[in-house]
Amino acid sequence: MGIAGFPQEFADRAATILGHGLEVSVTMRQAGVSVRAGSSTEAAARCDQAEALDGRGPCIDAMDHGGRRVIASVADAPGWERWSRQCVEEGFVTAAAVPAAVTADVAVALNLYSRAPDPWTPELLTAADAFAQLVASAVGLRLELAVLEDSTAGFYRDMSDAVATERAVGAIMQTNRCSADEARRIIDSASRHRNVSPREVAESLLRALVVEDAPVEDAVLEDKPA
């Protein structure tokens, strides 16, 4: 169930194909929650994680409102302080976020990071748009398969609300490399803002995220103080 490792492959390929020394992350937004799905470098991953945990940044803004965002100077990005600080710490100078819709409730985006100023030619941004659409198509197909698998297997039917939520907590911990408390805050915030139950948020996320065979319960328990 869920998306396999292809977002990581797409991030790596995007960095190679787009060139210009760009470092790339693929971010996914579903049920009001943003998660980093794959990154071509650890530096790009850390910037996307900062954005996801803060719930604010160019990638989230682009996915929520449509249209790409080009940030001429990451150091001067208004309203995105946590993301901006992380970008500066990693040595990035400028960035761009290129979104693509998957469904009415799901979007993906490429976050493109540059250590050189202003690489954003029209040709580069057009290529990035096309690549983001390719990622969205792949995600959409995998989500359709996941829903079909869930329906056939009755995967969630006997799962309690607590188990579903804790599994989603574990998935967010792995993708965003955050604590269990931070993951629960993300789910609770999405639940409040979308006026749906935490269970609904959890199920939606579990269809989109992969936690390899490692038990989620163990990952959550390890984060709690003894």
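Each remark here, short or long, concerns the structure printed above.
Summarised in this report is the structure supplied together with it. (Residues numbered from 1 in each chain as written. Predicted model: local features only at pLDDT ≥ 70, side-chain atom pairs only at ≥ 80, totals over all residues. Heavy atoms only, no water.)

As for the overall build of the chain
So, point 1. Counting its regular elements, the chain contains nine helices and five strands.
So, point 2. Starting at the N terminus and ending at the C terminus, the chain contains elements arranged as α-β-β-α-α-β-α-β-β-α-α-α-α-α.
So, point 3. Looking at the chain residue by residue over its 226 residues, the buried ones come to 50%.
So, point 4. Taking all contacts inside the chain whose residues are at least 6 apart in sequence as the whole, residues at least 24 apart take part in 66%. (Helix = DSSP H or I, 4+ residues; strand = E, 2+ residues; numbered from the N terminus. Buried < 20%, exposed > 50% of the residue type's maximum accessible area, 1.4 Å probe, protein only. Contact = heavy atoms within 4.5 Å.)

Regarding the sheet that holds strand β1 (residues 23-30)
So, point 1. What the five strands build is an open sheet, ordered β2-β1-β5-β4-β3; its pairing is antiparallel. In this open sheet, the two strands that pair with only one neighbour each are β2 (33-39) and β3 (69-71). Looking at each pair of strands side by side, their axes are set apart by 20° on average, direction ignored.
So, point 2. Where β3 meets strand β4 (residues 94-103), three bridges bridge the pair, whose relative direction is antiparallel. From the neighbouring strand, I71 faces β4, where its bridge partner is A95.
So, point 3. Against the sheet, helix α3 (residues 58-65) makes contact with β1, β2, β3, β4 and β5 (106-114), and its axis sits at roughly 45° relative to β1, the strand it touches most. (Pairing = 2+ DSSP bridges. Axes fitted to C-alpha atoms, helices over the stretch in contact; angles between N-to-C directions.)

Quick word on the pairing of β4
So, point 1. Taking burial as the measure, the ten residues of β4 include eight buried ones, the bulk of the element.
So, point 2. Two elements, β4 and β5, share nine bridges in a ladder whose sense is antiparallel. In the sheet register, T94 faces β5, and the bridge partner there is S114.

Considerations on α3
So, point 1. Restricting attention to buried positions, one finds in α3 the residues P58, C59, I60, A62 and M63.
So, point 2. Positioned one or two residues after α3, G66 has a phi angle of 80°, which is positive.

Regarding the packing of helix α2 (residues 42-54) against helix α4 (residues 81-90)
So, point 1. At their nearest, the axes of α2 and α4 sit 8 Å apart, and the two run at 165° to each other. As far as their axial angle goes, α4 and α2 are roughly antiparallel. Here α2 runs over α4; the crossing is right-handed. Counting all contacts with α2, which are made through A43, R46, C47, A50, E51, L53 and D54, the residues of α4 involved are R82, W83, Q86, C87 and E90. (Parallel < 35°, antiparallel > 145°, perpendicular 65-115°, else oblique. Left-handed = near helix turned anticlockwise from the far one by under 90°.)

Observations regarding the state of the cysteines
So, point 1. Evaluation of the coordinates by the stated rule reveals zero disulfides.
So, point 2. For C47, which is in no disulfide, the shortest distance to another cysteine sulfur is to C87 and amounts to 3.7 Å. (Disulfide = S-S within 2.5 Å.)

Quick notes on the pattern of salt bridges
So, point 1. Considering all chains together, one arrives at eleven salt bridges under this definition.
So, point 2. Taking the shortest distance from any N to any O, the salt bridge between E9 and R13 comes out at 3.9 Å. You can see E9 and its partner R13 sitting in helix α1 (residues 6-18), four residues apart, about one turn around the helix.
So, point 3. Classification of E9 as partly exposed rests on a relative accessible area of 42%.
So, point 4. Classification of R13 by relative accessible area gives partly exposed; the value is 48%.
So, point 5. R68 serves as the salt-bridge partner of D129, at 2.3 Å between the closest nitrogen and oxygen. (Salt bridge = Lys/Arg side-chain N within 4 Å of Asp/Glu carboxyl O.)

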